[in-house]
Amino acid sequence: KEPNTLSKAIRSIKREKRPTKCFVCLKNPSLTLYKRVVLYITLGSLSRHFLRKYISRLQRGVHINCQICGVRLE
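The residue count restarts for each chain, going from 1 along the sequence in the order it is written. Local features in this predicted model are restricted to residues of pLDDT 70 or higher, and side-chain atom pairs are both shown and tallied only at a pLDDT of 80 or more, whereas totals for entire chains, interfaces and linings draw on every residue. For the side-chain quantities, the full set of heavy atoms in the structure was used; hydrogens and water were omitted.

1. Remarks on the overall build of the protein chain
And then number 1: Helix numbers and strand numbers start at the N terminus; a helix is a DSSP run of H or I with at least 4 residues, a strand a run of E with at least 2. The number of helices and strands found in the protein chain is 4 helices and 2 strands.
And then number 2: Along the protein chain, helices and strands appear, N-terminal first, in the series α-α-α-α-β-β.
And then number 3: Taken over C-alpha atoms, the radius of gyration is set against a globule rule of 2.2 Å times the number of residues to the power 0.38. Since a compact globule built from 74 residues should have a radius of gyration of about 11 Å, the 12 Å found for the protein chain is in line with a globular shape.
And then number 4: Dimensions of the protein chain, computed from C-alpha atoms along their principal axes, come out at roughly 40 × 25 × 20 Å.
And then number 5: Burial classes follow relative accessibility: with a 1.4 Å probe on protein chains only, a residue under 20% of its type's maximum area counts as buried, one over 50% as exposed, and anything between as partly exposed. Taken over 74 residues, the protein chain has a buried fraction of 32%.
And then number 6: For the protein chain, the proportion of contacts with a sequence separation of at least 24, taken over those separated by at least 6, is 44%. Note on contacts: a residue pair is in contact if any heavy atoms of the two residues lie within 4.5 Å.

2. Considerations on helix 4 (residues 43-53)
And then number 1: When we look at burial in helix 4, the residues that qualify are Ser45, Leu46, His49 and Phe50. The arc that holds the buried residues of helix 4, viewed along the axis, is 135°, so those residues lie on one side.
And then number 2: Contacts from the buried residues of helix 4 go to helix 2 (23-26), strand 1 (64-65) and strand 2 (72-73). This arc corresponds to the set of directions leading from the helix axis out to the C-beta atoms.

3. Describing the confidence of the model for the protein chain
And then number 1: Values of pLDDT, which run from 0 to 100, indicate the predictor's confidence residue by residue. For the protein chain, per-residue confidence averages 83 on the pLDDT scale, and residues scoring 70 or more make up 97% of the total.
And then number 2: Predicted confidence in the protein chain is weakest over strand 2, with a mean pLDDT of 76, and strongest over helix 3 (residues 33-36), with 92.

4. Things to note about the nonpolar core
If you look at soluble globular proteins, the nonpolar side chains tend to sit buried side by side.
And then number 1: The criterion is simple. A nonpolar core is a set of buried Ala, Val, Leu, Ile, Met, Phe, Trp, Tyr and Cys residues joined through side-chain atoms within 4.5 Å. Counting 18 residues, the largest nonpolar core has Cys22, Phe23, Val24, Leu26, Phe50, Tyr54 and Ile68 as its most contacted members.
And then number 2: At the level of secondary structure, the elements contributing two or more residues to this core comprise helix 1 (2-15), helix 2 and helix 4.

5. As for the packing of aromatic side chains
And then number 1: The rule is short: rings of Phe, Tyr and Trp, with Trp giving its six-membered ring, pair when the centres are within 6.5 Å, and they are stacked under 30 degrees, edge-to-face over 60, tilted in between. Taken as a whole, this structure holds 2 aromatic pairs when the rule is applied.
And then number 2: Here the aromatic rings of phenylalanine 23 and phenylalanine 50 are separated by 5.5 Å at their centres, their planes lie at 40°, and the arrangement is tilted. Of this pair, phenylalanine 23 sits in helix 2 while phenylalanine 50 sits in helix 4, placing them 27 residues apart in sequence.
And then number 3: Looking at phenylalanine 23, the relative accessible area reads 18%, which means it is buried.
And then number 4: Relative to tyrosine 54, the ring of phenylalanine 50 has its centre 5.7 Å away and its plane inclined at 45°; by these criteria the two rings are tilted. Across this residue pair, the class does not change: phenylalanine 50 and tyrosine 54 are buried.

6. Some thoughts on the environment of serine 56
And then number 1: For serine 56, the position within the fold is in the loop between helix 4 and strand 1.
And then number 2: Put simply, serine 56 and leucine 33 are 23 residues apart on the chain and 24 Å apart in space, counted from C-alpha to C-alpha.
And then number 3: Polar contact criterion, stated in full: a pair of N or O atoms within 3.5 Å, where within protein one must be able to donate a hydrogen and the other to accept it, and residues adjacent in sequence count only if both atoms are side-chain atoms. Within polar-contact distance, the side chain of serine 56 engages the backbone oxygen of arginine 52 at 2.7 Å.

Printed below as a string of structure tokens:
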């Protein structure tokens, strides 16, 4: 079940204009499946999650790479 669930979640990231899943969490194998595929109902809730969990922890010169689409965030 896990590979199918992850595959569907990754496809949704690529298809949706405004994704409802966190692209960083999706590719993090240290998280549980549930935490990897959490559905963020609103764009605001996904933005808050991303800012709190990732952006606020970035230090100068550090970046995040999207392992799904290859975009680099600095």
